[in-house]
There are 2 protein chains.
Amino acid sequence: MFKGLSAFPLTPLTEKGIDEKSFVRLIERLVSAGVDSIGALGSTGSYAYLKHSERDRVARLAVEHANGIPVMVSIGSVRTSDVLHLAEDAQRAGVSAVLLAPVSYQKLTSDEVFTLYDTVTRHLSVPLCVYDNPGTTHFDFTDELYGRIAQLPHVASIKIPGLSADPVATQKRLAEIRPLVPEHVTLGAAGDLAAATVLTQGGDVWYSVIAGLFPEIPLAITRAAQKGDTQTAQALSAQLEPLWELFRQHGSLRIIAGAAEILGLVSAPCLPLPLRSVAGDERQRLARVLEELGLRA
Amino acid sequence: MFKGLSAFPLTPLTEKGIDEKSFVRLIERLVSAGVDSIGALGSTGSYAYLKHSERDRVARLAVEHANGIPVMVSIGSVRTSDVLHLAEDAQRAGVSAVLLAPVSYQKLTSDEVFTLYDTVTRHLSVPLCVYDNPGTTHFDFTDELYGRIAQLPHVASIKIPGLSADPVATQKRLAEIRPLVPEHVTLGAAGDLAAATVLTQGGDVWYSVIAGLFPEIPLAITRAAQKGDTQTAQALSAQLEPLWELFRQHGSLRIIAGAAEILGLVSAPCLPLPLRSVAGDERQRLARVLEELGLRA
């Protein structure tokens with residue numbers, strides 16, 4: 001399941017809690033499109049803001065409505081004991097894999113992060129994807145640590161940030177990491193903007209924010225890349241440049257949440273406060289971009 | 001209560017949860033020493049790692065054993081609704097003030113942070129201290145935002161990071177902030193290493209990690225500074241340089257937790273995993289420093 005396109009949906013909220021109906025509708029869009037896997041409760045799915053009971057409910061809804069498409073959920077939390085509980089809950093909910101970032105309050109050391117993965121993988125029976133997301137965890141993995149963690153049982157993939165849209169740079173970077181990890185561990189793009197490059201330069205999987213709401217174009221990019229059709233993959237990604245520009249300026253979450261609100265796929269506001277989707281002039285700009293890209297449907 | 005020395009104790013844990021007996025013993029040390037206030041459940045008190053029920057219990061224990069010394073607790077959480085619940089719990093537990101950092105997973109905007117403080121202060125009946133801690137929140141307050149938030153009702157103090165041990169630099173920095181905030185809002189040092197300088201250059205309060213475990217020398221520094229005896233305050237702080245050096249290298253939490261473990265005041269390990277107190281050679285170095293500074297008692 002750690003190949004191709006993994007779509008990360010929002011977890012829409014209302015004042016009362018999880019907006020279950022809207023969440024299921026988002027999952028059904030992904031099923032209709034035929035994505036390769038679903039990354040529920042990723043950063044885009046606001047896992048870090050939800051209670052354990054809310055995370056359990058969302059995991060169960062995702063599995064129930066995924067129509068057999070493998071579901072991965074994040075089990076990240078600042079405390080190891082909570083991560084272990086979340087891993088148990090997720091496995092009982094029937095997920096096919098878990099995603100784990102070294103979420104922190106106090107900055108973590110490399111030894112602490114290794115021990116976290118070591119402890120958690122001893123308690124797992126499903127595969128684990130290492131979630132390297134320095135923008136939220138403020139932890140910087142070294143390549144050496146990738147290598148150590150990738151040897152642990154159940155580790156199946158690494159979600160790698162900061163890969164470049166420049167093919168030469170990305171090819172070089174993937175070639176640095178490959179020899180450090182076992183052959184069965186796949187390497188994935190964490191950023192949508194460079195994903196076409198990553199998939200056409202030997203990356204295995206795209207962990208995608210945009211595909212969580214708009215799966216069609218990302219799927220076309222992924223399938224083109226998988227066929228070796230670099231030109232089509234890059235051309236499709238370039239079409240989305242107005243959206244990438246908004247991602248760069250506001251972060252992908254506030255834009256995707258704004259898009260879902262504009263389209264009426266979720267009620268507004270759908271993010272957990274204090275987070276807010278893009279507002280004002282920038283929201284109008286987003287609405288125009290969606291219109292121009294034919295993403296209003 | 002936002003003047004003088006505010007001591008931030010550890011919240012010692014065991015495998016089973018809060019080590020209540022040891023926590024109460026730490027509070028009693030602060031009461032015996034006569035600190036000006038107690039900052040339970042600060043970053044040193046691992047608030048970000050605890051369940052609401054655990055935070056409630058620790059707040060109640062602190063108030064119960066503080067013998068009338070004002071207790072402040074942190075109500076920080078990534079989600080506004082949780083902050084509001086924690087504020088209610090804290091007030092019901094009888095705290096004299098709350099401390100609020102803009103804890104984040106997704107990086108916050110200035111507007112989001114302002115709205116968080118605006119919302120929370122509307123629901124408070126006790127004073128609030130603004131906790132600016134970019135090392136854990138990854139949010140950088142601007143001086144303009146300090147000013148806007150300081151105008152909100154109940155805001156009584158700001159815990160300011162990054163103040164310098166250089167008197168000229170600190171005097172200048174405090175002089176920049178003073179005109180932006182109402183007169184009743186006090187300015188405090190968030191870092192132990194510069195606190196003697198801050199208190200002797202016009203700062204009002206020292207929010208102190210070391211005083212949570214070893215209150216005597218920080219109290220002597222504070223009282224000297226309050227009398228205008230800069231030389232004594234600085235000389236006492238300089239004595240602690242071997243400890244400050246360990247703080248710089250490992251962070252104050254891992255050192256103070258290690259010190260509490262070495263002294264047998266808490267059981268080891270006392271931090272929530274994945275965090276670990278200082279180990280190996282550096283732990284031995286810490287033990288020697290405590291011995292040399294006469295802090296083994």
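Residues numbered from 1 in each chain as written. Chains lettered and ligands numbered in written order. Predicted model: local features only at pLDDT ≥ 70, side-chain atom pairs only at ≥ 80, totals over all residues. Heavy atoms only, no water.

1. Points about the relation of the copies chain B and chain A
- For the pair chain B and chain A, the superposition axis carries a translation of 0.0 Å, the fit reaches an RMSD of 0.0 Å, and the rotation angle comes to 180 degrees. On the angle and the small slide along the axis, the relation comes out as a two-fold axis. Residue H138(B) of chain B places its C-alpha closer to the rotation axis than any other residue of that unit, at 4.1 Å.
- Of all interface residues in chain B, 100% are interface residues in chain A too; the two copies therefore contact each other through one and the same surface. (Least-squares fit on C-alpha atoms with pLDDT ≥ 70 in both. Contact = heavy atoms within 4.5 Å.)

2. Thoughts on the nonpolar core
- Ranked by size, the top nonpolar core spans 235 residues in total, and within it I149(A) and I149(B) carry the most contacts.
- At seven residues, helix α12 (residues 252–262) of chain A tops the list of elements feeding residues into this core.
- Sequence-distant contacts of I149(B), that is, excluding residues within four places in its chain, are made with V113(B), F114(B), Y117(B), V130(B), F141(B) and V155(B). (Core = buried A, V, L, I, M, F, W, Y, C linked by side-chain atoms within 4.5 Å. Buried < 20%, exposed > 50% of the residue type's maximum accessible area, 1.4 Å probe, protein only. Helix = DSSP H or I, 4+ residues; strand = E, 2+ residues; numbered from the N terminus.)

3. Digging into the interface of chain B and chain A
- Across the boundary between the two partners, chain B contributes 34 residues, which contact 34 residues of chain A.
- Here chain B packs against chain A, burying approximately 3,100 Å² in sum over the two surfaces, 50% of which is carbon and sulfur.
- If you sort the residues of chain B by the area they bury against chain A, Y49(B), R79(B) and Y105(B) come out on top, with a joint share of 28%.
- Seen at the junction of chain B and chain A, the total is four salt bridges.
- Put simply, chain B and chain A have 24 residue pairs in polar contact (both at pLDDT 80 or more) between them. (Buried area = accessible area lost by both parts, 1.4 Å probe. Salt bridge = Lys/Arg side-chain N within 4 Å of Asp/Glu carboxyl O. Polar contact = N/O pair within 3.5 Å; in protein donor to acceptor, adjacent residues only side chain to side chain.)

4. Here we look at the sheet that holds strand β6 (residues 97–100) of chain A
Residue and element names in this part refer to chain A.
- Spatial strand order, β1-β4-β5-β6-β7-β8-β9-β10: eight strands in a closed barrel with parallel pairing. Each neighbouring strand pair of the sheet contributes to a mean axis angle of 25 degrees, computed without reference to strand direction.
- Looking at chain direction, strand β7 (residues 128–131) and strand β8 (residues 155–160) are connected through four bridges and run parallel. Among the inter-strand pairings, L128 is bridged to a residue of β8, identified as V155. (Pairing = 2+ DSSP bridges. Axes fitted to C-alpha atoms, helices over the stretch in contact; angles between N-to-C directions.)

5. Focus on helix α3 (residues 80–92) of chain B
- With 13 residues, α3(B) extends 19 Å from end C-alpha to end C-alpha; this agrees with the ideal 18 Å at 1.5 Å per step.
- Each element contacted by the buried residues of α3(B) is listed here: α2 (52–65), β5 (71–74), β6 (97–100) and α4 (110–122) of chain B. (Expected span 1.5 Å × (residues − 1).)

6. Examining the UniProt feature "binding site: pyruvate" (unreviewed entry) in chain A
All names here are of chain A.
- According to UniProt, the "binding site: pyruvate" (unreviewed entry) feature falls on T44.
- Tracing the backbone shows T44 in the loop between β4 (37–40) and α2 (52–65).
- Setting aside residues up to four positions removed in sequence, T44 forms contacts with F8, P9, L10, T11, V209 and L253. (UniProt positions renumbered as here; feature names shortened; annotations may be inferred.)

7. Description of the UniProt feature "active site" (unreviewed entry) in chain A
Residue and element names in this part refer to chain A.
- Feature annotation in UniProt assigns "active site" (unreviewed entry) to the following positions: Y131 and K159. These residues run over 29 residues, yet every pair of their C-alpha atoms falls within 5.1 Å of each other.
- Considering the arrangement of structural elements, one finds Y131 in strand β7.
- Take Y131: its relative accessible area is 3%, and that puts it in the buried class.

8. Comments concerning unusual backbone geometry
- The step from A268(A) to P269(A) runs through a cis peptide bond, and the omega angle for that step is 0 degrees.
- By the secondary structure assignment, P269(A) is in the loop between α12 and α13 (280–292).
- Residue P274(A) follows L273(A) across a cis peptide bond; omega there is 15 degrees.
- Despite not being glycine, L41(B) shows a phi value in the positive range, around 60 degrees.
- In this fold, L41(B) is placed in the loop between β4 (37–40) and α2.

9. Quick word on the pattern of salt bridges
- In this structure the tally under the stated criterion is 32 salt bridges over all chains.
- For D118(B), the salt bridge is made with R122(B), and the minimal N-O distance between the two is 3.1 Å. Here R122(B) and D118(B) lie together in helix α4, a separation of four residues that amounts to about one turn.
- Two residues, R285(B) and E282(B), come together in a salt bridge whose shortest N-O distance is 2.9 Å. Of the two residues, R285(B) and E282(B) are both situated in helix α13 (residues 280–292); the distance of three residues between them amounts to about one turn of the helix.
- On the accessibility criterion, R285(B) (23% relative accessible area) is partly exposed.
- The class of E282(B) is partly exposed, set by a relative accessible area of 21%.
- Residues joined by salt bridges that share partners form a network here, namely D143(A), K172(A), R173(A) and E176(A).

10. Examining helix α9 (residues 216–226) of chain A
Residues and elements named next belong to chain A.
- For α9, the full list of buried residues reads I217, P218, L219, I221, T222, A224 and A225.
- Check the buried side of α9 and you find it contacts β1 (4–7), α1 (20–33), α8 (195–200), β10 (205–208) and α10 (230–239).
- One or two steps after α9, the chain reaches G228, where phi turns positive at roughly 85 degrees.

11. Description of the side chain of S74(B)
Residue and element names in this part refer to chain B.
- With respect to the secondary-structure elements, S74 resides in strand β5.
- Of the polar contacts made by the side chain of S74, one reaches the backbone nitrogen of G76; its length is 3.2 Å.
- Excluding residues within four positions of it along the chain, S74 makes contact with A40, L41, Y47, R55 and L99.

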